Amino acid sequence: TAFTSPSELRRACRDGRFSNQTSGQAPGYSQANLVILPKKYAFDFLLFCQRNPKSCPLLEVLEPGVHVTAQVAKDADIRTDLPKYRVYRDGVLTEEVTDISSLWREDLCTFIIGCSFSFEDAMLKSGLPVRHVQEGRNVPMYNTNIPCASAGIFRGNMVVSMRPFLPAQAIQAVQVTARYPRVHGSPIHIGDPTGIGIKDISLPDYGDSVSVGENEVPVFWACGVTPQAVVMDSRPEFCITHSPGYMLVLDMRNEELSFN
């Protein structure tokens, strides 16, 4: 099912009618990554985001116990309005669920982080092919050897997403995405994956593999799955995130996150 309205998509998630990945849903509207942590970790994580804006561009932060957004969407309940969540205990992924109401606590703080799905709309409008959208797959994402700036308990390496392009298209992709600094902005690497510690581009750590043409180059962007990798490294006692590719769809239009 393709939804055009963000609120209708969120309602479908809430009612259990939608549990698929969200790339291509509600065209023109922004999507976001989610990190939920106990209050005792919140300042460290806020500092981590401030020190790593390419990977973790903050769109909204909710106070402890608050589960309804105020800025990015008018009626979004972050306990129910994503299609799938991941639950981590002591840094270990223990379950994937479609509703976190039963796990909700009054000390939980929510961080809503920009997502590169937002600039894919601009890519498509400028005539750039977005391979995972063409192939009906989730975007491929990879762990790298690029260290993030640490903050308190939080430390680890950047996760990147990849889209392949012909060289001339890669230049255009840099120009298009540089206009979206609040959703990861321009790429962090173009070309040889081994240069950032990726051994096999056909084996992503998250998401799905996509075809890469003979004359195409892989283009890599900082990815909002970075906090999940960092959580696994840093091992807070409890954390909830979105499941990679299963995002919170916002009422903000993609163009609101760009500068002209």
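Cut-offs applied
Residues numbered from 1 in each chain as written. Predicted model: local features only at pLDDT ≥ 70, side-chain atom pairs only at ≥ 80, totals over all residues. Heavy atoms only, no water. Buried < 20%, exposed > 50% of the residue type's maximum accessible area, 1.4 Å probe, protein only. Helix = DSSP H or I, 4+ residues; strand = E, 2+ residues; numbered from the N terminus. Contact = heavy atoms within 4.5 Å. Pairing = 2+ DSSP bridges. Axes fitted to C-alpha atoms, helices over the stretch in contact; angles between N-to-C directions. Salt bridge = Lys/Arg side-chain N within 4 Å of Asp/Glu carboxyl O. Core = buried A, V, L, I, M, F, W, Y, C linked by side-chain atoms within 4.5 Å. Phe/Tyr/Trp six-rings, centres within 6.5 Å; stacked < 30°, edge-to-face > 60°. Patch = residues over 30% accessible without salt bridge, like charges linked within 9 Å, V, L, I, M, F, W, Y side chains within 5 Å. Areas by Shrake-Rupley, 256 points an atom, 1.4 Å probe, with all protein chains shown as cover.

1. Re helix α1 (residues 6–14)
Okay, step 1: Along α1, the positions that sit buried rather than exposed are P6, S7, L9, R10, A12 and C13.
Okay, step 2: As for α1, its buried residues are in contact with β1 (29–38) and β11 (248–253).
Okay, step 3: Just downstream of α1, G16 is the residue with a positive phi angle, here 80°.

2. Some points on the sheet that holds strand β8 (residues 189–190)
Okay, step 1: Read from one edge of the open sheet, four strands run β6-β7-β9-β8, paired in antiparallel fashion. Every interior strand has two partners, whereas the edge strands, β6 (141–147) and β8, have only one.
Okay, step 2: Of the pairings in the sheet, the one linking β8 to strand β9 (residues 217–222) comprises two bridges and is antiparallel in character. Bridging from a neighbouring strand, I190 pairs with V219 of β9.
Okay, step 3: This element, helix α3 (residues 117–125), spans β7 (157–165) and β9 of the sheet and lies at about 15° to β7.
Okay, step 4: The strands touched by helix α5 (residues 167–177) are β7, β8 and β9; relative to β9, the strand with the most contacts, the crossing angle is about 15°.

3. Concerning the pairing of strand β3 (residues 85–89)
Okay, step 1: With four of five residues buried, β3 lies mostly within the body of the structure.
Okay, step 2: Bridging between β3 and strand β10 (residues 238–242) involves five bridges; their strand directions are antiparallel. Considered in β10, the bridge of R86 is made with T241.
Okay, step 3: Sheet topology note: the β3/strand β4 (residues 92–97) ladder contains five bridges and is antiparallel. Paired with Y85 across the strands is V97, a residue of β4.
Okay, step 4: Hairpin connection between β3 and β4: a loop of two residues separates the two successive antiparallel strands, and D90 in this loop has a positive phi of roughly 55°.

4. Re the pattern of salt bridges
Okay, step 1: In the structure shown here, the tally under the stated rule is 14 salt bridges.
Okay, step 2: Between D251 and R10 there is a salt bridge whose closest N-O contact spans 3.0 Å. Within this pair, whereas D251 is found in strand β11, its partner R10 is found in helix α1, the two being separated by 241 residues in sequence.
Okay, step 3: We classify R10 as buried; its relative accessible area is 1%.
Okay, step 4: Between K125 and D121 there is a salt bridge, and its shortest N-O distance comes to 3.4 Å. Within this pair, K125 and its partner D121 are both found in helix α3, separated by four residues, close to a single helical turn.
Okay, step 5: A relative accessible area of 16% places D121 in the buried class.
Okay, step 6: Salt bridges linked by common partners bring R10, K74, D75 and D251 together as one network.

5. Quick notes on the nonpolar core
Okay, step 1: The biggest cluster of nonpolar side chains holds 37 residues, and the ones touching the most others in it are I36, I100, M123, F165 and I240.
Okay, step 2: Those residues in contact with I100, other than ones at most four positions away along the chain, are I36, I78, R79, Y85 and I240.
Okay, step 3: Among the nonpolar cores identified, the runner-up in size contains 27 residues, and C49, F220, A222 and V230 belong to it.

6. Here's the deal with the packing of aromatic side chains
Okay, step 1: Scanning all chains against the criterion turns up six aromatic pairs.
Okay, step 2: When the ring of F45 is compared with that of F48, the centres are 6.2 Å apart and the planes differ by 20°; the resulting orientation is stacked. Placement of both F45 and F48 in helix α2 (residues 39–51) is noted, with a separation of three residues, approximately one turn of the helix. Summarising the burial analysis for this pair, F45 and F48 share the class buried.
Okay, step 3: Ring centres of Y142 and F220 lie 6.2 Å apart, and the angle between their planes is 75°; on these two criteria the pair is classed as edge-to-face. Placement of the pair is Y142 in strand β6 and F220 in strand β9, with a sequence separation of 78 residues.

7. Here's the deal with a nonpolar patch on the surface
Okay, step 1: There is a patch of nonpolar side chains on the surface, built from F43, L46 and V61 and spanning about 270 Å² of accessible area.
Okay, step 2: Looking at where L46 falls in the secondary structure, it is placed in helix α2.

The analysis is restricted to geometry; functional conclusions fall outside its scope.
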